[in-house]
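Listed below, chain by chain, are the residues.
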Amino acid sequence: MDILTMLKQLGGGMLVTVEIFFLTLILSLPLGLFISFARMKKNCFVQGGAKLYIGVMRGTPLMLQLIVVYFAPYYLFGMRINHYRFLAVILAFSLNYAAYFAEIYRSGIESMPIGQYEAAKVLGYNKVQTFVRIILPQVIKRILPSVTNEIITLVKDTSLAFVISITEMFTTAKQIEAAQTTILPLMMAGVFYFIFNFIVAGVMEYLEKKLGYYK
Amino acid sequence: MNLLEMNHIKKSFEGGLEVIKDISLCVKEGEVVSIIGPSGSGKSTLLRCAAMLEKIDSGELIYLGQKVAWNDSHFKSVYMSSSDKKKIEKYYGFVFQNFHLFPHFNVLKNVIDAPERVLKLPKKEAEKKGLALLEQLGLSDKKDAYPYQLSGGQQQRVSIARALAMDPKILFFDEPTSALDPELTGEVQKVIQSLAKERMTMIIVTHEMQFARKISDRIIFMERGKIQAEGTPEVIFGTGNERIREFIGRLQNE
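So, here is what we can say about the structure in this document. (Residues numbered from 1 in each chain as written. Chains lettered and ligands numbered in written order. Predicted model: local features only at pLDDT ≥ 70, side-chain atom pairs only at ≥ 80, totals over all residues. Heavy atoms only, no water.)

**Here we look at the interface of chain B and chain A**
A common way to state how big an interface is: give the accessible area lost once the parts meet. Applied cut-off: Two residues form a contact once any of their heavy atoms are found within 4.5 Å. The buried area of a pairing is the accessible area, by a 1.4 Å probe, that goes missing from both parts when the two are put together, added over both. Any Lys or Arg side-chain nitrogen located within 4 Å of an Asp or Glu carboxyl oxygen qualifies as a salt bridge. Think of a polar contact as two N or O atoms within 3.5 Å of one another; within protein, one of them needs to be a possible hydrogen donor and the other a possible acceptor, and neighboring residues in sequence only count if both atoms come from side chains. Think of it this way: any DSSP run of H or I at least four residues long counts as a helix, any run of E at least two long counts as a strand, and we number them from the N terminus. Under the convention adopted here, Pro, Cys and the residues Ala, Val, Leu, Ile, Met, Phe, Trp and Tyr are nonpolar, Asp, Glu, Lys and Arg are charged, and Gly plus all remaining residues are polar.
Taken together, the contact between chain B and chain A spans 25 residues of the former and 19 residues of the latter. Both faces considered, chain B and chain A share a buried interface measuring about 2,200 Å² in area, 59% of it formed by carbon and sulfur atoms. For the chain B face of the interface with chain A, the top three residues by lost area are F102, H104 and Y148 of chain B, together amounting to 28%. Scanning the region where chain B abuts chain A turns up three salt bridges. With a shortest N-O distance of 2.5 Å, E118 of chain A and R48 of chain B are connected by a salt bridge. Counting across the chain B and chain A interface gives twelve residue pairs in polar contact (both at pLDDT 80 or more). Going through the elements one at a time, α2 (82-89), β7 (92-95) and α3 (107-117) of chain B are the ones with two or more residues in the side of chain B that touches chain A. Element by element, the count of residues in the side of chain B that touches chain A is highest for α3 of chain B, at four residues. Tallied by class, residues from the side of chain B that touches chain A come to 15 nonpolar, two polar and eight charged.

**Thoughts on the packing of helix α1 (residues 3-40) of chain A against helix α8 (residues 184-210) of chain A**
All names here are of chain A. Let me state the cut-off plainly: Comment: axis = line fitted to C-alpha atoms, over the contacting stretch for helices; angle = value between 0 and 180 degrees taken between N-to-C directions. Oblique is the label for any angle not under 35 degrees, not over 145, and not in the 65 to 115 range, which are roughly parallel, roughly antiparallel and roughly perpendicular in turn. Each helix crossing is assigned a hand: it is left-handed if the near helix lies turned anticlockwise from the far helix by less than a right angle, otherwise right-handed if that turn is clockwise.
The interhelical angle for the contact between α1 and α8, taken along N-to-C directions, is 40°, at an axis separation of 11 Å. On the basis of their axis angle, the class for α1 and α8 is oblique. Here α1 and α8 pass one another in a crossing that is right-handed. Residue-level inspection shows I3, M6, L7, L10, M14, T17, V18 and F21 of α1 in contact with α8, the latter providing L184, P185, M188, F192, Y193, F196 and V200.

**Quick word on the nonpolar core**
Residues and elements named next belong to chain B. Here is the rule: Note on terminology: a nonpolar core comprises buried Ala, Val, Leu, Ile, Met, Phe, Trp, Tyr and Cys residues joined through side-chain atoms within 4.5 Å. Exposure classes here rest on a 1.4 Å probe applied to the protein chains alone. A residue is buried below 20% of its type maximum, exposed above 50%, and partly exposed in between.
Of all hydrophobic cores here, the largest spans 93 residues; its most connected members are L4, Y63 and F172. In contact with Y63, other than residues within four places in its own chain, are L3, L4, A50, A51, V68, I88, Y91, Y92, I170 and F172. Membership of the second largest hydrophobic core comes to 35 residues, among which are L180, V191, I192 and M200.

**A short note on the pairing of β7 of chain B**
In summary, the side chains of a regular strand alternate between the two faces of the sheet. Residues and elements named next belong to chain B. Heads up, the rule is: Strand pairing is assigned whenever DSSP detects at least two bridges linking the two strands.
The alternating pattern of β7 places Y92 and F94 on one face and G93 and V95 on the opposite face, and all of these are buried. Bridge count between β7 and strand β8 (residues 170-174): four bridges; the pairing is parallel. Directly across from Y92, in β8, lies its bridge partner I170.

**Considerations on the packing of aromatic side chains**
For the record, the criterion: Aromatic pairing here means that ring centres of Phe, Tyr or Trp (its six-membered ring) are within 6.5 Å. Orientation follows from the plane angle: under 30 degrees is stacked, over 60 is edge-to-face, and everything else is tilted. Here, a charge over a ring is recorded when the distance from Lys NZ or Arg CZ to the ring centre is within 6 Å and its angle to the ring normal is within 35 degrees.
Scanning the entire structure with this criterion turns up 23 aromatic pairs over all chains. A ring pair is formed by F21 of chain A and F196 of chain A, whose centres lie 5.0 Å apart and whose planes are at 65°; its orientation type is edge-to-face. On the criterion of sequence distance, the pair formed by F21 of chain A in helix α1 and F196 of chain A in helix α8 is long-range, its members being 175 residues apart. F196 of chain A sits in the buried class, given a relative accessible area of 11%. Looking at K141 of chain A, its charged tip hangs above the ring of Y214 of chain A, at a distance of 4.6 Å from the centre. We note K85 of chain B situated over the ring of Y79 of chain B; from NZ or CZ to the ring centre the distance is 4.9 Å.

**Section: empty space enclosed by the protein**
Let me state the cut-off plainly: With a 1 Å grid spanning the protein atoms alone, the term cavity applies to any set of points in which a 1.4 Å probe fits but cannot get out, the term pocket to an open set with protein on both sides within 12 Å along at least five of seven lines, and the term lining residue to any residue with an atom within 4 Å of a point. Grid points are joined across faces, edges and corners, and a volume is the space filled by probe spheres set on the points.
Applying the stated criterion across every chain, the model contains one cavity of 30 Å³ or more. Its boundaries defined by the atoms lining it, the largest cavity holds a volume of some 30 Å³. Of all the elements in the fold, those that place two or more residues in the lining of the largest cavity are α5 (114-122) of chain A together with α5 (152-164) of chain B. Its residues placed into classes, the lining of the largest cavity shows five nonpolar, one polar and one charged.

**Observations regarding the environment of P122 of chain B**
Residues and elements named next belong to chain B. Locating P122 in the fold gives a position in the loop between α3 and α4 (123-136). By relative accessible area, which is 47% here, P122 ends up partly exposed. Each C-alpha atom of the pair P122 and E230 lies 44 Å from the other, and the pair is 108 residues apart in sequence.

Structure (structure tokens):
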């Protein structure tokens, strides 16, 4: 098998990897904000629930979570869902990353000086306006470096999807490796992840620069 | 009519520290009142209670005859509903010791964002008003600058412009010059003085004795959570009260 054929086969897997990446981001970023709100609530049940959720998500392997999410509907409820494999991957990744993002949001929100809230209050802003116009933009600037870290990890974590036989790129690379007894496809996969992350880091750096207009 | 009325206000912080012990205070339209006193005497807390940044434990808070907080049968304060409070918040502006400008907004946006979002003024109108205010406070050339690019004095003037843009009936100043270099306090004091000339109603917590003497209609001396003396600058500065003489003397010599 020549390199071009390998690349072609890997190409299909790359597409799935990119899909998992973007869908997870789109879902986990807002979900994380929601969980961080729950985590910061004074109500001890809401706060405790959020704490437990974050604890479990961070405290158990993502690989295990993938398996649980994939098999739970069948073993717990006897449900067979069509084309569930891909959905399960997105679900597991989003639920897991939301927990990490929640803690990042919380660190950003709790680091905001109380004076910003007080200034907004005496100017008559309501709670939603205060958060959306005054607090969140500053929080985003503060947490961007930690978010970048997390996103880069996500790019590499997409390879874990192979445990439930999603044919993303890493799975494809391993299949070719096994069939052709060459580690070349795995090396190519490595280069792909590297380039992907290079682009991600570039985009995040651009965003940081854009938000650098104030201190 | 009294713009602001505070009756028998009591306030303790968690842990039981009683910072305000039964204070009553009335402010009429056009009046400039300064509150002086040693650190920890409860001056700032009283101001923050008036601006609803702190909840009072007991007593009455009244704006323009409208009861904002009152005592229940156990002498615990009850506040009006949050939506009614939002209306009351429009009566006053608050200037903080540390400015608390919004760092991600430029100067003009800091001034006009609340009028646009809260008072729902059309953008053009808010801008016109904002620019006029910046001009009045000598900040026209800074309208596109961001807060971090300004000196402390300029930042404090922006925060005064921001408060004025909401057309408040009364302005609260919480040690407006305490965070500034001595050379920058003058420019902020000048602004407050010109507001006093226009008969803006103000309550100013300050450590600057000469400034308080110059601009106030009335000076309140607070210590240990109580009003110890109250009167015109002449009365307070000419007092026979040893404690007040000592306090004023010490600060003036600094």
